[in-house]
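Read off the chains here:
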Amino acid sequence: MASISLCMIVKNEEYVLERCLESVRSLADEIIIVDTGSTDRTREIAKKYTDRIYEIPWKDDFAWARNFSFSKAKMDFCMWLDADDVIDEENRKKFKKVKESLSWKTDVVMMKYAAAFNESGEPVFSYYRERLLKNDGSFQWEGRVHEAIVPHGEILYTDVEIFHKKEKDGEAGRNLRIYEKMISEGRKLVPRELFYYGRELYYNGRKEEAAEVLQEFLQGPGGWLENKIEACKTLSDCYRESGNDEEALAILFRSFSMDVPRAEICCQIGLWFQEKERWKEAAFWYKTALQAEKKEENGGFIQKECYGFLPAVNLCLCYDKLGDISAAYKFHKMAVKIRPNAKEVEWNEAYFQKLQEEVEGNESSCLSGQRGYRPGREEHAKDH
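The residue numbering used here restarts from 1 in each chain and proceeds along that chain's sequence as written. Residue-level local features of this predicted model are given only where pLDDT is at least 70; pairs of side-chain atoms are given and counted only at 80 or more, and the full residue set underlies all totals for whole chains, interfaces and linings. By convention in this description, side-chain values take in all heavy atoms of the structure and omit both hydrogens and water.

Helices and strands together make up the secondary structure of the protein, namely 14 helices and nine strands. We compute the radius of gyration from the C-alpha atoms alone; for a globule the expected value is 2.2 Å times N to the 0.38, where N is the number of residues. Whereas a compact globule of 384 residues would reach a radius of gyration of roughly 21 Å, the protein reaches 23 Å, a difference of no more than 12%. Reported as C-alpha extents along the three principal axes, the dimensions of the protein are approximately 75 × 45 × 40 Å. Relative accessible area decides the class of each residue, using a 1.4 Å probe on protein chains only: under 20% of the type maximum gives buried, over 50% gives exposed, and in between gives partly exposed. Burial statistics for the protein: of 384 residues in total, 52% are counted as buried. Here, two residues are considered to be in contact whenever any of their heavy atoms come within 4.5 Å of each other. Considering only residue pairs separated by 6 or more positions, the protein has 68% of its internal contacts joining residues 24 or more positions apart. Numbering of helices and strands runs from the N terminus; a helix is a DSSP stretch of H or I covering at least four residues, while a strand is a stretch of E covering at least two.

If you want it as structure tokens, here you go:
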């Protein structure tokens, strides 16, 4: 059975570190904690689980810190986690099976990373990350911010899912500050850095600058396909929030020239038409979203509700507005099956019950959410 070194970088994580380490202690053969300047009880908590604790200065460089942590590993594979990550019992069982069957021929093990959850605690936003990497010196983290390792060799995709459960916001503006420091130092951002820099500008309310950077990323050479498609979504939000509706729609359609339509894009187009009360066109795009293939192994950000719940609940509204109550109810029942406890489902259930009770001439109530439902912008999406 393969052995695993858990390698973590931490700073002031007393509120989540024990939760993380308790959830993973049975899976790791050694635990390495690299502290980058904690002033709370982080190191005290870490000592309950390991004596492999290292203190290093923070250099505004996540890749450097993670590479330092990997350099201390002695086991067959290196594993990374953030302090606010958790592995539940079901996924610990899956993880153990992977570990027991893991071959030295495998170079990288990919696991799902869930970063947002619905009212029942079920993941609604996830993507694959390189989680276990062969400890042969060939893997290096890259990127001062939004650090990553480029997988190579034999790659194993698994259904193990790790939950990123933040308890508080990180340092405000930190990632944007690091990017702007890099630029001030004369660093030319590579395509991946341009993509994330544009997103950081957007998340910090600098929409016009974000649009310029994302346009540069899309027009330039290189860049990962999934980042290109995601850039279209973010750029569309920049345009929409700045009042440039036509450009907001056009950039979404541009993504179709890159690959087959993603459900996330189709839902965003559906919302564009829905906000203009063009219910027929909106319904077309929501139905297209329902037919889209969920390509999780592509590695892009997956908003799971765009492949089921979100189109269903909005199709309910669209068909109600079109006067087709039968079709509206059909999609309501679809939404009920997917997320029975969602507040939108409860509102719409009450609406349909009232319709049944109304006598001719009574004024009917409206379906909830006439402006349309859309998936939230997950905090973790800002970090990776």
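This part takes up the side chain of Glu130. With respect to the secondary-structure elements, Glu130 resides in strand E7 (residues 123-134). Pairs of N or O atoms within 3.5 Å make up the polar contacts considered here, provided that, within protein, one atom can donate a hydrogen while the other can accept it, and that residues adjacent in sequence are counted only when both atoms are side-chain atoms. Here the side chain of Glu130 touches Arg129 through a polar contact of 3.0 Å, side chain to side chain. When near neighbours in sequence (up to four residues on either side) are disregarded, Glu130 contacts Trp80, Val108, Val109, Met110, Trp141, Ala148, Ile149 and Pro151.

Per the UniProt entry, the sites bearing "domain: Glycosyltransferase 2-like" (unreviewed entry) are residues 5-126 in this numbering. Regarding residues 5-126, the helix share stands at 30% and the strand share at 29%, and the terminal C-alpha atoms are separated by 24 Å. UniProt positions are given in the numbering used here, feature names are shortened, and annotations may be inferred rather than shown by experiment.

Right, let's talk about the packing of helix H7 (residues 207-219) against helix H8 (residues 225-241) for a bit. To get an axis, a line is fitted to the C-alpha atoms, and for a helix only the part in contact is used. The angle between two axes follows their N-to-C directions and goes from 0 to 180 degrees. Across the interface, H7 lies against H8 with an axial gap of 9 Å and an inter-helix angle of 150 degrees. One finds that H7 runs roughly antiparallel with respect to H8. Handedness of the H7/H8 crossing: left-handed. Contacts from Lys207, Ala210, Ala211, Leu214, Gln215, Phe217 and Leu218 in H7 reach Asn227, Lys228, Ala231, Cys232, Thr234, Leu235, Cys238, Tyr239 and Glu241 in H8. Here the nonpolar group is Ala, Val, Leu, Ile, Met, Phe, Trp, Tyr, Cys and Pro; Asp, Glu, Lys and Arg are the charged ones; every other residue, Gly included, is treated as polar. Residues belonging to the contact of H7 with H8 are distributed by class as follows: ten nonpolar, three polar and three charged. Each angle receives one of four descriptions, namely roughly parallel if under 35 degrees, roughly antiparallel if over 145, roughly perpendicular if within 65 to 115, and oblique otherwise. What makes a crossing left-handed is the near helix being turned counterclockwise from the far one by less than a right angle; a clockwise turn instead makes it right-handed.

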